[in-house]
Amino acid sequence: MTDTSSTTDAGSTDDASRTDAPTGLPSGVRPVLAQRRGHEFTRILAFGAARGENTVPNEDLIGPIDSSDEWIRQRTGIVTRMRAGGDVEAVDLAETAAREAFAKSGLTPDQIGVVLVATVTHSVATPSLASLLAERIGATPAAAYDISAACAGYAYGIAQADSFIKSGIADHVLVIGAEKLSDVVDPTDRSISFLLGDGAGAAVVGPSEFAGIGPSIWGSDGSKWDAIGMTATYKEWAAGAPRPTMRQAGQTVFRWAVWEMVKVARQALEAAGVRADQLSAFVPHQANIRIIDEFAKQLGIPDTVAIARDITTTGNTSAASIPLATHRLLSEHPELSGGLALQIGFGAGLVFGAQVVVLP
(Lines give C-alpha, C1' and ligand atoms only; values in the text may rest on other atoms or scores of the structure.)
Protein backbone atom coordinates (compact mmCIF):
# COMPACT_ATOMS: atom_id res chain seq x y z
CA MET A 1 0.00 0.00 0.00
CA THR A 2 1.38 3.41 -1.00
CA ASP A 3 2.06 5.94 1.78
CA THR A 4 0.43 9.33 0.92
CA SER A 5 1.01 11.08 4.24
CA SER A 6 3.65 13.41 2.76
CA THR A 7 1.73 14.38 -0.38
CA THR A 8 2.14 18.03 -1.30
CA ASP A 9 -0.60 18.19 -3.93
CA ALA A 10 -2.35 21.57 -3.72
CA GLY A 11 -5.66 19.81 -3.30
CA SER A 12 -4.60 17.58 -0.39
CA THR A 13 -5.92 18.05 3.10
CA ASP A 14 -2.45 18.49 4.58
CA ASP A 15 -1.53 21.29 2.16
CA ALA A 16 -4.82 23.09 2.57
CA SER A 17 -4.37 23.11 6.31
CA ARG A 18 -1.13 25.11 6.02
CA THR A 19 -1.49 28.88 5.63
CA ASP A 20 0.80 31.75 4.71
CA ALA A 21 1.32 34.02 7.68
CA PRO A 22 0.80 37.34 5.87
CA THR A 23 -2.46 36.47 4.08
CA GLY A 24 -4.07 33.56 5.91
CA LEU A 25 -4.56 31.88 2.51
CA PRO A 26 -3.64 28.27 1.76
CA SER A 27 0.00 27.79 0.75
CA GLY A 28 0.55 28.43 -2.94
CA VAL A 29 -2.71 30.36 -3.31
CA ARG A 30 -2.24 34.01 -4.32
CA PRO A 31 -4.84 36.68 -3.53
CA VAL A 32 -6.72 38.02 -6.53
CA LEU A 33 -7.58 41.69 -6.01
CA ALA A 34 -9.81 43.80 -8.18
CA GLN A 35 -7.80 46.35 -10.17
CA ARG A 36 -8.80 49.77 -11.39
CA ARG A 37 -8.60 50.41 -15.09
CA GLY A 38 -7.60 53.89 -16.10
CA HIS A 39 -7.48 55.83 -19.33
CA GLU A 40 -4.95 55.10 -22.04
CA PHE A 41 -4.04 58.73 -22.70
CA THR A 42 -4.02 62.05 -20.84
CA ARG A 43 -3.64 65.72 -21.68
CA ILE A 44 -3.73 69.17 -20.13
CA LEU A 45 -7.24 70.54 -20.61
CA ALA A 46 -6.76 74.15 -19.53
CA PHE A 47 -4.52 76.62 -17.70
CA GLY A 48 -5.21 79.33 -15.15
CA ALA A 49 -2.91 81.99 -13.73
CA ALA A 50 -2.51 84.54 -10.97
CA ARG A 51 0.34 86.98 -10.45
CA GLY A 52 1.15 89.25 -7.55
CA GLU A 53 -0.68 92.55 -7.95
CA ASN A 54 2.36 94.79 -7.46
CA THR A 55 4.81 95.55 -10.26
CA VAL A 56 8.31 95.93 -8.79
CA PRO A 57 10.90 97.46 -11.16
CA ASN A 58 14.63 96.91 -10.79
CA GLU A 59 15.08 100.45 -9.51
CA ASP A 60 13.18 99.55 -6.34
CA LEU A 61 15.69 96.82 -5.46
CA ILE A 62 19.12 98.03 -6.52
CA GLY A 63 19.94 100.11 -3.43
CA PRO A 64 20.28 97.32 -0.84
CA ILE A 65 22.35 95.17 -3.22
CA ASP A 66 24.48 98.05 -4.51
CA SER A 67 23.61 97.25 -8.10
CA SER A 68 21.95 98.81 -11.15
CA ASP A 69 19.03 98.28 -13.46
CA GLU A 70 21.48 97.54 -16.31
CA TRP A 71 23.31 94.86 -14.28
CA ILE A 72 20.08 93.04 -13.40
CA ARG A 73 18.81 93.16 -16.99
CA GLN A 74 22.07 91.86 -18.43
CA ARG A 75 22.48 89.03 -15.93
CA THR A 76 18.85 87.89 -15.64
CA GLY A 77 16.69 89.53 -18.30
CA ILE A 78 14.34 90.84 -15.62
CA VAL A 79 12.88 94.31 -16.05
CA THR A 80 10.11 93.97 -13.47
CA ARG A 81 8.77 91.24 -11.21
CA MET A 82 5.26 90.77 -9.83
CA ARG A 83 4.87 90.54 -6.07
CA ALA A 84 1.83 90.15 -3.86
CA GLY A 85 0.80 92.35 -0.96
CA GLY A 86 1.44 91.47 2.65
CA ASP A 87 -2.07 90.13 3.21
CA VAL A 88 -1.89 87.72 0.25
CA GLU A 89 -0.69 84.13 0.70
CA ALA A 90 0.27 81.44 -1.78
CA VAL A 91 -3.09 79.72 -1.31
CA ASP A 92 -4.90 82.91 -2.41
CA LEU A 93 -2.93 82.97 -5.65
CA ALA A 94 -3.54 79.24 -6.13
CA GLU A 95 -7.30 79.69 -5.71
CA THR A 96 -7.47 82.41 -8.35
CA ALA A 97 -5.46 80.32 -10.82
CA ALA A 98 -7.55 77.22 -10.14
CA ARG A 99 -10.85 78.98 -10.73
CA GLU A 100 -9.68 80.26 -14.12
CA ALA A 101 -8.50 76.78 -15.12
CA PHE A 102 -11.89 75.31 -14.20
CA ALA A 103 -13.73 77.97 -16.16
CA LYS A 104 -11.65 77.25 -19.26
CA SER A 105 -11.82 73.46 -18.93
CA GLY A 106 -15.59 73.28 -18.52
CA LEU A 107 -15.15 71.08 -15.45
CA THR A 108 -16.36 71.69 -11.94
CA PRO A 109 -14.24 71.19 -8.80
CA ASP A 110 -16.26 68.17 -7.69
CA GLN A 111 -14.94 66.30 -10.75
CA ILE A 112 -11.37 66.53 -9.46
CA GLY A 113 -10.00 63.36 -7.89
CA VAL A 114 -6.61 64.70 -6.77
CA VAL A 115 -5.31 68.18 -5.97
CA LEU A 116 -1.53 68.58 -6.24
CA VAL A 117 0.13 71.84 -5.23
CA ALA A 118 3.82 72.35 -5.87
CA THR A 119 5.11 74.95 -3.42
CA VAL A 120 7.92 75.79 -1.05
CA THR A 121 6.25 78.88 0.42
CA HIS A 122 3.14 77.62 2.17
CA SER A 123 2.75 79.64 5.37
CA VAL A 124 2.78 76.58 7.67
CA ALA A 125 4.63 73.28 7.63
CA THR A 126 1.34 71.42 8.00
CA PRO A 127 -1.51 71.00 7.05
CA SER A 128 -0.88 71.17 3.33
CA LEU A 129 -1.78 74.07 1.08
CA ALA A 130 -3.47 71.54 -1.22
CA SER A 131 -5.98 70.43 1.42
CA LEU A 132 -6.91 74.04 2.22
CA LEU A 133 -7.24 74.83 -1.48
CA ALA A 134 -9.43 71.77 -2.09
CA GLU A 135 -11.80 72.97 0.62
CA ARG A 136 -11.88 76.54 -0.71
CA ILE A 137 -12.72 75.57 -4.27
CA GLY A 138 -15.12 72.74 -3.39
CA ALA A 139 -12.94 69.86 -4.56
CA THR A 140 -13.34 67.80 -1.38
CA PRO A 141 -13.11 64.90 -0.77
CA ALA A 142 -10.37 64.79 -3.40
CA ALA A 143 -6.98 63.53 -2.28
CA ALA A 144 -4.78 66.56 -1.70
CA TYR A 145 -1.11 67.03 -0.92
CA ASP A 146 1.82 69.37 -1.53
CA ILE A 147 4.90 68.65 -3.62
CA SER A 148 8.16 70.10 -2.31
CA ALA A 149 10.30 70.06 -5.43
CA ALA A 150 10.87 73.80 -5.86
CA CYS A 151 11.25 74.84 -9.49
CA ALA A 152 10.67 71.29 -10.75
CA GLY A 153 7.51 70.89 -8.67
CA TYR A 154 5.03 71.57 -11.47
CA ALA A 155 6.71 69.08 -13.82
CA TYR A 156 6.64 66.54 -10.98
CA GLY A 157 2.92 67.23 -10.57
CA ILE A 158 2.22 66.69 -14.27
CA ALA A 159 4.11 63.38 -14.13
CA GLN A 160 1.98 62.23 -11.20
CA ALA A 161 -1.29 63.42 -12.72
CA ASP A 162 -0.52 61.50 -15.90
CA SER A 163 0.17 58.35 -13.88
CA PHE A 164 -2.92 58.72 -11.68
CA ILE A 165 -5.29 59.02 -14.62
CA LYS A 166 -3.71 56.14 -16.52
CA SER A 167 -3.85 53.90 -13.45
CA GLY A 168 -7.48 54.73 -12.67
CA ILE A 169 -6.79 56.49 -9.37
CA ALA A 170 -8.51 59.61 -10.69
CA ASP A 171 -10.23 60.83 -13.83
CA HIS A 172 -9.14 64.46 -13.43
CA VAL A 173 -6.28 66.03 -11.50
CA LEU A 174 -5.63 69.66 -10.62
CA VAL A 175 -1.93 70.55 -10.72
CA ILE A 176 -0.82 73.93 -9.39
CA GLY A 177 2.50 75.64 -8.86
CA ALA A 178 2.02 78.40 -6.28
CA GLU A 179 4.64 80.58 -4.62
CA LYS A 180 4.90 83.72 -2.56
CA LEU A 181 8.65 84.03 -2.68
CA SER A 182 8.65 87.64 -1.52
CA ASP A 183 8.02 86.25 1.98
CA VAL A 184 11.46 84.62 2.00
CA VAL A 185 13.50 87.42 0.42
CA ASP A 186 16.42 89.17 2.04
CA PRO A 187 16.59 92.47 0.11
CA THR A 188 20.36 92.69 0.73
CA ASP A 189 21.13 89.27 -0.79
CA ARG A 190 22.83 89.60 -4.19
CA SER A 191 22.51 85.91 -5.09
CA ILE A 192 18.75 85.58 -5.57
CA SER A 193 16.61 88.28 -3.94
CA PHE A 194 16.18 90.42 -7.08
CA LEU A 195 15.10 87.37 -9.12
CA LEU A 196 12.03 86.37 -7.18
CA GLY A 197 8.34 87.05 -7.85
CA ASP A 198 4.95 85.77 -6.66
CA GLY A 199 2.32 83.87 -8.58
CA ALA A 200 0.42 80.67 -9.26
CA GLY A 201 -0.22 78.66 -12.39
CA ALA A 202 -2.87 75.92 -12.58
CA ALA A 203 -3.46 73.08 -15.01
CA VAL A 204 -6.42 70.72 -15.17
CA VAL A 205 -5.32 67.31 -16.44
CA GLY A 206 -7.79 64.74 -17.73
CA PRO A 207 -8.31 61.76 -20.06
CA SER A 208 -7.68 62.15 -23.77
CA GLU A 209 -8.27 60.36 -27.05
CA PHE A 210 -4.62 60.93 -27.95
CA ALA A 211 -1.30 61.07 -26.13
CA GLY A 212 -1.14 64.61 -24.76
CA ILE A 213 1.59 64.12 -22.14
CA GLY A 214 4.83 62.45 -23.12
CA PRO A 215 7.01 60.29 -20.86
CA SER A 216 8.40 62.20 -17.91
CA ILE A 217 12.14 62.42 -17.34
CA TRP A 218 12.78 63.33 -13.72
CA GLY A 219 15.33 62.90 -10.99
CA SER A 220 17.61 64.56 -8.47
CA ASP A 221 21.21 65.34 -7.65
CA GLY A 222 21.56 65.57 -3.88
CA SER A 223 25.31 66.13 -4.16
CA LYS A 224 24.38 69.78 -4.85
CA TRP A 225 21.84 69.94 -2.02
CA ASP A 226 23.35 73.17 -0.67
CA ALA A 227 23.37 75.03 -3.99
CA ILE A 228 19.89 76.54 -3.44
CA GLY A 229 18.18 76.73 -0.09
CA MET A 230 17.52 78.64 3.09
CA THR A 231 19.97 80.60 5.21
CA ALA A 232 18.92 78.82 8.42
CA THR A 233 16.89 75.88 9.65
CA TYR A 234 13.76 76.27 11.78
CA LYS A 235 15.73 74.91 14.74
CA GLU A 236 18.47 77.49 14.23
CA TRP A 237 15.86 80.23 13.88
CA ALA A 238 14.23 79.19 17.15
CA ALA A 239 17.66 79.37 18.78
CA GLY A 240 18.10 82.97 17.70
CA ALA A 241 19.35 82.90 14.11
CA PRO A 242 17.95 85.54 11.71
CA ARG A 243 14.74 84.72 9.84
CA PRO A 244 15.47 82.11 7.14
CA THR A 245 15.57 83.51 3.61
CA MET A 246 16.42 82.16 0.17
CA ARG A 247 19.97 82.09 -1.18
CA GLN A 248 21.85 80.29 -3.94
CA ALA A 249 25.32 79.53 -5.24
CA GLY A 250 24.71 81.26 -8.56
CA GLN A 251 27.60 79.91 -10.64
CA THR A 252 27.04 76.31 -9.47
CA VAL A 253 23.37 76.50 -10.39
CA PHE A 254 24.06 78.20 -13.72
CA ARG A 255 26.58 75.58 -14.84
CA TRP A 256 24.37 72.71 -13.72
CA ALA A 257 21.30 74.14 -15.43
CA VAL A 258 23.02 74.88 -18.73
CA TRP A 259 25.06 71.71 -19.15
CA GLU A 260 23.20 69.00 -17.24
CA MET A 261 19.60 70.06 -17.85
CA VAL A 262 20.07 70.24 -21.60
CA LYS A 263 20.74 66.49 -21.43
CA VAL A 264 17.44 65.98 -19.58
CA ALA A 265 15.58 68.08 -22.15
CA ARG A 266 17.04 65.97 -24.96
CA GLN A 267 15.95 62.80 -23.16
CA ALA A 268 12.40 64.15 -22.88
CA LEU A 269 12.32 64.89 -26.60
CA GLU A 270 13.69 61.45 -27.44
CA ALA A 271 11.28 59.68 -25.09
CA ALA A 272 8.35 61.47 -26.75
CA GLY A 273 9.66 60.71 -30.24
CA VAL A 274 9.82 64.42 -31.06
CA ARG A 275 12.47 66.57 -32.73
CA ALA A 276 13.18 70.13 -31.66
CA ASP A 277 11.92 71.45 -35.01
CA GLN A 278 8.56 69.76 -34.42
CA LEU A 279 7.88 71.83 -31.31
CA SER A 280 5.53 74.79 -31.25
CA ALA A 281 6.87 76.08 -27.94
CA PHE A 282 9.73 75.69 -25.49
CA VAL A 283 8.85 76.44 -21.86
CA PRO A 284 11.81 76.08 -19.51
CA HIS A 285 11.70 77.12 -15.87
CA GLN A 286 11.99 80.90 -15.82
CA ALA A 287 15.24 81.02 -13.87
CA ASN A 288 17.37 83.40 -15.87
CA ILE A 289 17.20 84.69 -19.43
CA ARG A 290 20.81 83.66 -20.10
CA ILE A 291 19.98 80.08 -19.10
CA ILE A 292 16.89 80.11 -21.31
CA ASP A 293 18.80 81.43 -24.33
CA GLU A 294 21.70 79.00 -23.87
CA PHE A 295 19.21 76.14 -23.47
CA ALA A 296 17.59 77.02 -26.78
CA LYS A 297 20.98 77.23 -28.49
CA GLN A 298 22.19 73.89 -27.14
CA LEU A 299 18.93 72.15 -28.12
CA GLY A 300 18.93 73.65 -31.59
CA ILE A 301 15.52 75.27 -31.11
CA PRO A 302 14.65 76.90 -34.47
CA ASP A 303 13.21 80.40 -34.86
CA THR A 304 9.81 78.90 -35.65
CA VAL A 305 9.45 77.75 -32.02
CA ALA A 306 7.99 80.19 -29.49
CA ILE A 307 10.25 80.45 -26.43
CA ALA A 308 8.72 81.45 -23.10
CA ARG A 309 10.41 84.49 -21.57
CA ASP A 310 7.87 85.36 -18.91
CA ILE A 311 10.72 86.05 -16.50
CA THR A 312 11.19 89.49 -18.08
CA THR A 313 8.08 90.94 -16.44
CA THR A 314 7.09 88.32 -13.85
CA GLY A 315 10.41 87.26 -12.34
CA ASN A 316 11.37 83.80 -11.14
CA THR A 317 8.33 82.22 -9.48
CA SER A 318 9.83 78.78 -8.81
CA ALA A 319 7.12 76.08 -9.03
CA ALA A 320 4.69 78.52 -10.67
CA SER A 321 6.99 79.58 -13.50
CA ILE A 322 6.23 76.92 -16.13
CA PRO A 323 2.41 77.12 -15.95
CA LEU A 324 2.54 80.92 -15.74
CA ALA A 325 4.82 81.13 -18.76
CA THR A 326 2.67 78.67 -20.71
CA HIS A 327 -0.48 80.59 -19.80
CA ARG A 328 1.09 83.80 -21.14
CA LEU A 329 2.26 82.15 -24.36
CA LEU A 330 -1.24 80.83 -25.06
CA SER A 331 -2.80 84.19 -24.23
CA GLU A 332 -0.48 86.07 -26.57
CA HIS A 333 -0.30 83.35 -29.24
CA PRO A 334 -3.56 81.36 -29.31
CA GLU A 335 -2.41 79.75 -32.54
CA LEU A 336 -0.07 77.60 -30.44
CA SER A 337 -3.08 75.63 -29.17
CA GLY A 338 -2.77 71.99 -30.18
CA GLY A 339 0.97 72.26 -30.74
CA LEU A 340 3.75 70.50 -28.88
CA ALA A 341 5.64 72.14 -26.03
CA LEU A 342 8.76 70.96 -24.27
CA GLN A 343 8.65 71.94 -20.60
CA ILE A 344 11.45 71.46 -18.10
CA GLY A 345 11.77 72.49 -14.47
CA PHE A 346 14.95 72.43 -12.38
CA GLY A 347 15.97 73.84 -9.03
CA ALA A 348 16.54 73.34 -5.33
CA GLY A 349 17.34 69.80 -4.33
CA LEU A 350 18.77 69.77 -6.87
CA VAL A 351 15.79 68.29 -8.71
CA PHE A 352 14.58 68.24 -12.29
CA GLY A 353 11.62 67.14 -14.38
CA ALA A 354 10.69 67.42 -18.06
CA GLN A 355 8.07 66.24 -20.54
CA VAL A 356 6.64 67.11 -23.93
CA VAL A 357 2.97 68.10 -23.76
CA VAL A 358 0.23 69.07 -26.19
CA LEU A 359 -0.92 72.62 -25.50
CA PRO A 360 -4.66 72.94 -24.77
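Residues numbered from 1 in each chain as written. Predicted model: local features only at pLDDT ≥ 70, side-chain atom pairs only at ≥ 80, totals over all residues. Heavy atoms only, no water.

Peer 1: How would you explain the sheet that holds strand 5 (residues 143-147) if you had to name every residue and give the values?
Peer 2: Strand order in the open sheet formed by five strands is 1-7-6-4-5, and the pairing between neighbours is mixed. Where the open sheet ends on each side, the last strands, each with one partner, are strand 1 (41-51) and strand 5. Averaged over all neighbouring strand pairs, the angle between strand axes comes to 15°, with direction disregarded. Taken together, the eight bridges between strand 6 (residues 173-180) and strand 7 (residues 198-208) define a ladder with antiparallel strand orientation. Paired with Lys180 across the two strands is Asp198, which belongs to strand 7. (Pairing = 2+ DSSP bridges. Helix = DSSP H or I, 4+ residues; strand = E, 2+ residues; numbered from the N terminus. Axes fitted to C-alpha atoms, helices over the stretch in contact; angles between N-to-C directions.)

Peer 1: Got a sec to walk through the pattern of salt bridges? Specific residues and values, please.
Peer 2: When charged atoms on two side chains of opposite charge get close, those side chains can pair. Under the criterion given, the structure shown has 14 salt bridges. Between Glu100 and Lys104 there is a salt bridge, with the nearest N and O atoms lying 2.8 Å from each other. In this pair, Glu100 and Lys104 are both assigned in helix 3 (residues 90-105), four residues apart and thus about one turn of the helix distant. The closest approach of N and O atoms between Lys224 and Asp221, which form a salt bridge, is 3.1 Å. Residues participating in the shared-partner salt-bridge network are Arg51, Asp310, Arg328 and Glu332. (Salt bridge = Lys/Arg side-chain N within 4 Å of Asp/Glu carboxyl O.)

Peer 1: Now, about the environment of Gly212: what can you tell me, with residues and values included?
Peer 2: Along the chain, Gly212 turns up in the loop between strand 7 and strand 8 (217-220). Of the residues examined, Gly212 reaches a relative accessible area of 2% and is grouped as buried. As for Gly212 and Arg43, which are separated by 169 residues in sequence, their C-alpha atoms are 4.1 Å apart. Residues contacting Gly212, with those up to four places away along its chain left out, are Thr42, Arg43, Val356, Val357 and Val358. (Buried < 20%, exposed > 50% of the residue type's maximum accessible area, 1.4 Å probe, protein only. Contact = heavy atoms within 4.5 Å.)

Peer 1: So what's going on with the packing of helix 7 (residues 250-272) against helix 8 (residues 289-299)? Which residues, and what values?
Peer 2: For the pair helix 7 and helix 8, the least separation of the axes is 10 Å and the interaxial angle reads 40°. Classified by the angle their axes make, helix 7 and helix 8 are oblique. At the point where helix 7 passes helix 8, the crossing takes the right-handed sense. Between helix 7 and helix 8, the residues in contact are Phe254, Ala257, Val258, Trp259, Met261, Val262, Ala265 and Arg266 and Arg290, Ile291, Glu294, Phe295, Gln298 and Leu299, respectively. (Parallel < 35°, antiparallel > 145°, perpendicular 65-115°, else oblique. Left-handed = near helix turned anticlockwise from the far one by under 90°.)

Peer 1: Quick rundown of the nonpolar core? Include the residues and the values.
Peer 2: Judged by nonpolar contacts, the single largest core of 49 residues is most densely connected at Phe282, Phe295, Ile301, Leu342, Ile344 and Phe346. Elements with a minimum of two residues in this core: helix 7, helix 8, strand 13 (340-347) and strand 14 (351-358). For this core, the leading source of residues is helix 7, giving ten residues. Look past the residues within four positions of Leu342 in its chain and what remains in contact with it is Ala265, Ala268, Leu269, Leu279, Ala281, Phe282, Val283, Leu299, Gln355 and Val356. Among the nonpolar cores identified, the runner-up in size contains 34 residues, and Ile44, Ala152, Tyr156 and Ala170 belong to it. (Core = buried A, V, L, I, M, F, W, Y, C linked by side-chain atoms within 4.5 Å.)

Peer 1: Can you break down the packing of aromatic side chains residue by residue, with the values?
Peer 2: Counted by the stated rule, this structure contains five aromatic pairs. Between Trp256 and Phe346, the ring centres sit 6.4 Å apart and the planes meet at 70°, which makes this aromatic pair edge-to-face. Within this pair, whereas Trp256 is found in helix 7, its partner Phe346 is found in strand 13, the two being separated by 90 residues in sequence. Each of the two residues, Trp256 as well as Phe346, counts as buried. (Phe/Tyr/Trp six-rings, centres within 6.5 Å; stacked < 30°, edge-to-face > 60°.)

Peer 1: How would you summarise helix 7 if you had to cite specific residues and measurements?
Peer 2: Over its 23 residues, helix 7 extends 31 Å from the first C-alpha to the last, a length consistent with the 33 Å expected when each residue adds 1.5 Å. Most pronounced at Met261, the bend in helix 7 amounts to some 35°. Residues Val253, Trp256, Ala257, Val258, Met261, Val262, Val264, Ala265, Ala268 and Leu269 constitute the buried set of helix 7. Against the buried residues of helix 7 lie strand 8, strand 9 (228-230), strand 10 (246-248), helix 8, strand 13 and strand 14. Phi for Gly273, located one or two positions after helix 7, is positive at around 70°. (Expected span 1.5 Å × (residues − 1). Bend = angle between axes of the 7 residues up to and from the residue.)

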